[in-house]
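Each chain is listed here by its residues.
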Amino acid sequence: MELMKCPQCGSQFPENTRKCPVCDYILDGSGYYEPESDISQYEPPYGSVYEERPEQTGGTGLAIASMVLGIVAIVLTCLFIGILPGIVGLVLGIVSIAKDKPGKGMAVAGIVTSAIGIVLFFLMFAVILAIPT
Ligand SMILES: [Zn+2]
(Lines give C-alpha, C1' and ligand atoms only; values in the text may rest on other atoms or scores of the structure.)
Protein backbone atom coordinates (compact mmCIF):
# COMPACT_ATOMS: atom_id res chain seq x y z
CA MET A 1 0.00 0.00 0.00
CA GLU A 2 1.18 3.46 -0.84
CA LEU A 3 1.94 5.79 1.99
CA MET A 4 1.04 9.46 2.26
CA LYS A 5 3.09 12.05 4.04
CA CYS A 6 1.53 14.72 6.20
CA PRO A 7 2.50 18.12 4.77
CA GLN A 8 2.43 19.61 8.23
CA CYS A 9 4.31 17.22 10.50
CA GLY A 10 5.85 14.82 7.98
CA SER A 11 4.55 11.59 9.51
CA GLN A 12 3.48 8.80 7.15
CA PHE A 13 0.18 6.88 7.07
CA PRO A 14 -1.97 4.79 4.64
CA GLU A 15 -3.23 6.51 1.49
CA ASN A 16 -6.92 6.57 2.41
CA THR A 17 -6.38 8.44 5.64
CA ARG A 18 -8.08 11.83 5.54
CA LYS A 19 -6.75 13.25 8.74
CA CYS A 20 -3.23 13.07 10.06
CA PRO A 21 -3.31 10.85 13.16
CA VAL A 22 -0.41 12.76 14.66
CA CYS A 23 -1.28 16.44 14.26
CA ASP A 24 -4.93 16.28 13.05
CA TYR A 25 -4.07 18.04 9.78
CA ILE A 26 -7.00 17.64 7.35
CA LEU A 27 -5.74 16.44 3.98
CA ASP A 28 -7.14 18.20 0.96
CA GLY A 29 -7.88 16.50 -2.33
CA SER A 30 -8.93 13.12 -0.96
CA GLY A 31 -12.11 13.47 -3.01
CA TYR A 32 -14.58 11.74 -0.71
CA TYR A 33 -14.30 13.89 2.39
CA GLU A 34 -16.74 16.76 1.92
CA PRO A 35 -18.04 18.07 5.22
CA GLU A 36 -19.77 20.99 3.46
CA SER A 37 -22.11 18.80 1.36
CA ASP A 38 -24.89 18.99 3.95
CA ILE A 39 -24.96 22.78 3.81
CA SER A 40 -26.10 22.79 0.17
CA GLN A 41 -29.47 21.41 1.23
CA TYR A 42 -30.30 24.69 2.90
CA GLU A 43 -29.46 26.71 -0.18
CA PRO A 44 -31.66 25.67 -3.11
CA PRO A 45 -30.06 26.90 -6.33
CA TYR A 46 -33.14 28.79 -7.47
CA GLY A 47 -34.06 30.24 -4.08
CA SER A 48 -32.74 33.72 -4.81
CA VAL A 49 -34.60 33.86 -8.11
CA TYR A 50 -37.94 33.20 -6.46
CA GLU A 51 -37.23 35.76 -3.78
CA GLU A 52 -36.70 38.51 -6.33
CA ARG A 53 -39.81 37.79 -8.37
CA PRO A 54 -42.59 39.34 -6.25
CA GLU A 55 -41.05 42.82 -6.49
CA GLN A 56 -40.54 42.62 -10.23
CA THR A 57 -43.81 41.19 -11.50
CA GLY A 58 -44.91 44.63 -12.67
CA GLY A 59 -41.81 45.07 -14.80
CA THR A 60 -41.83 41.73 -16.58
CA GLY A 61 -45.28 42.43 -18.05
CA LEU A 62 -43.74 44.46 -20.86
CA ALA A 63 -41.28 41.71 -21.76
CA ILE A 64 -43.98 39.02 -21.59
CA ALA A 65 -46.31 41.12 -23.78
CA SER A 66 -43.49 41.60 -26.27
CA MET A 67 -42.78 37.88 -26.44
CA VAL A 68 -46.47 36.94 -26.74
CA LEU A 69 -47.04 39.55 -29.46
CA GLY A 70 -43.98 38.28 -31.30
CA ILE A 71 -45.38 34.75 -31.32
CA VAL A 72 -48.81 36.08 -32.32
CA ALA A 73 -47.14 38.08 -35.10
CA ILE A 74 -45.53 34.97 -36.57
CA VAL A 75 -48.80 33.02 -36.38
CA LEU A 76 -50.88 35.86 -37.86
CA THR A 77 -48.33 36.54 -40.58
CA CYS A 78 -48.39 32.89 -41.58
CA LEU A 79 -52.16 33.26 -41.89
CA PHE A 80 -51.53 36.55 -43.74
CA ILE A 81 -53.78 38.50 -41.43
CA GLY A 82 -51.58 41.33 -40.28
CA ILE A 83 -48.27 42.82 -39.34
CA LEU A 84 -49.51 44.97 -36.44
CA PRO A 85 -48.71 42.56 -33.57
CA GLY A 86 -45.17 42.28 -34.89
CA ILE A 87 -44.66 46.04 -34.84
CA VAL A 88 -46.20 46.39 -31.37
CA GLY A 89 -44.23 43.42 -30.05
CA LEU A 90 -41.00 44.83 -31.46
CA VAL A 91 -41.62 48.24 -29.86
CA LEU A 92 -42.58 46.73 -26.50
CA GLY A 93 -39.48 44.55 -26.48
CA ILE A 94 -37.21 47.49 -27.27
CA VAL A 95 -38.92 49.68 -24.64
CA SER A 96 -38.57 46.90 -22.06
CA ILE A 97 -34.83 46.62 -22.67
CA ALA A 98 -34.33 50.40 -23.00
CA LYS A 99 -35.95 50.94 -19.59
CA ASP A 100 -33.88 48.10 -18.15
CA LYS A 101 -36.95 46.19 -17.03
CA PRO A 102 -36.62 42.64 -15.69
CA GLY A 103 -37.26 39.73 -18.01
CA LYS A 104 -34.63 40.75 -20.56
CA GLY A 105 -34.53 37.25 -22.00
CA MET A 106 -38.25 37.40 -22.75
CA ALA A 107 -37.90 40.90 -24.19
CA VAL A 108 -35.14 39.70 -26.51
CA ALA A 109 -37.34 36.73 -27.48
CA GLY A 110 -40.14 39.20 -28.17
CA ILE A 111 -37.95 41.37 -30.39
CA VAL A 112 -36.66 38.34 -32.28
CA THR A 113 -40.09 36.77 -32.80
CA SER A 114 -41.62 40.13 -33.74
CA ALA A 115 -38.82 40.79 -36.21
CA ILE A 116 -39.30 37.34 -37.71
CA GLY A 117 -43.02 38.07 -38.02
CA ILE A 118 -42.34 41.38 -39.79
CA VAL A 119 -39.73 39.86 -42.11
CA LEU A 120 -42.11 36.98 -42.88
CA PHE A 121 -44.84 39.49 -43.69
CA PHE A 122 -42.72 41.31 -46.24
CA LEU A 123 -41.41 38.04 -47.68
CA MET A 124 -44.94 36.79 -48.21
CA PHE A 125 -45.97 40.19 -49.58
CA ALA A 126 -43.10 40.03 -52.07
CA VAL A 127 -44.00 36.48 -53.04
CA ILE A 128 -47.62 37.40 -53.63
CA LEU A 129 -46.62 40.42 -55.73
CA ALA A 130 -44.22 38.26 -57.71
CA ILE A 131 -46.85 35.68 -58.56
CA PRO A 132 -48.57 36.67 -61.81
CA THR A 133 -52.30 36.56 -61.42
ZN1 LIG B 1 0.59 15.55 10.69
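The rules behind the values
- Residues numbered from 1 in each chain as written.
- Predicted model: local features only at pLDDT ≥ 70, side-chain atom pairs only at ≥ 80, totals over all residues.
- Heavy atoms only, no water.
- Donors = N, O, S within 2.8 Å, 3.2 Å for Na, K, Ca; no water.
- Tetrahedral: all angles 85-135°; square planar, octahedral: opposite > 155°, others 65-115°.
- Helix = DSSP H or I, 4+ residues; strand = E, 2+ residues; numbered from the N terminus.
- Phe/Tyr/Trp six-rings, centres within 6.5 Å; stacked < 30°, edge-to-face > 60°.
- Buried < 20%, exposed > 50% of the residue type's maximum accessible area, 1.4 Å probe, protein only.
- Contact = heavy atoms within 4.5 Å.

Per an unreviewed UniProt entry, the protein chain goes by DUF4190 domain-containing protein and derives from Lactonifactor longoviformis DSM 17459.

A. Region of the structure containing the coordination of the zinc ion. Coordination sphere of the zinc ion, protein contribution only: C6 (SG), C9 (SG), C20 (SG) and C23 (SG), at 2.2 to 2.4 Å. Note that the zinc ion binds 4 donor atoms; their angles at the metal cover 105 to 116°, and the shape is tetrahedral.

B. Representation of the environment of L76. Relative to the helices and strands, L76 resides in helix α1 (residues 47–78). As a C-alpha pair, L76 and G117 span 41 residues in sequence and 8.2 Å in three-dimensional space.

C. Structural context of the packing of aromatic side chains. Evaluated as defined, the whole model comprises 2 aromatic pairs. Arranged with centres 5.7 Å apart and planes meeting at 85°, the rings of F121 and F122 form a pair that is edge-to-face. Between the aromatic rings of F121 and F125, the centroid separation amounts to 6.1 Å while the plane-to-plane angle is 10°, which identifies the pairing as stacked. You can see F121 and its partner F125 sitting in helix α3 (residues 104–130), 4 residues apart, about one turn around the helix. Classification of F125 as partly exposed rests on a relative accessible area of 40%.

D. Layout of the side chain of S96. Looking at where S96 falls in the secondary structure, it is placed in helix α2 (residues 84–98). Here S96 falls in the buried class, since its relative accessible area comes to 1%. For S96, the residues in contact, after removing those within four places along its chain, are L62, A63, K101, P102 and A107.

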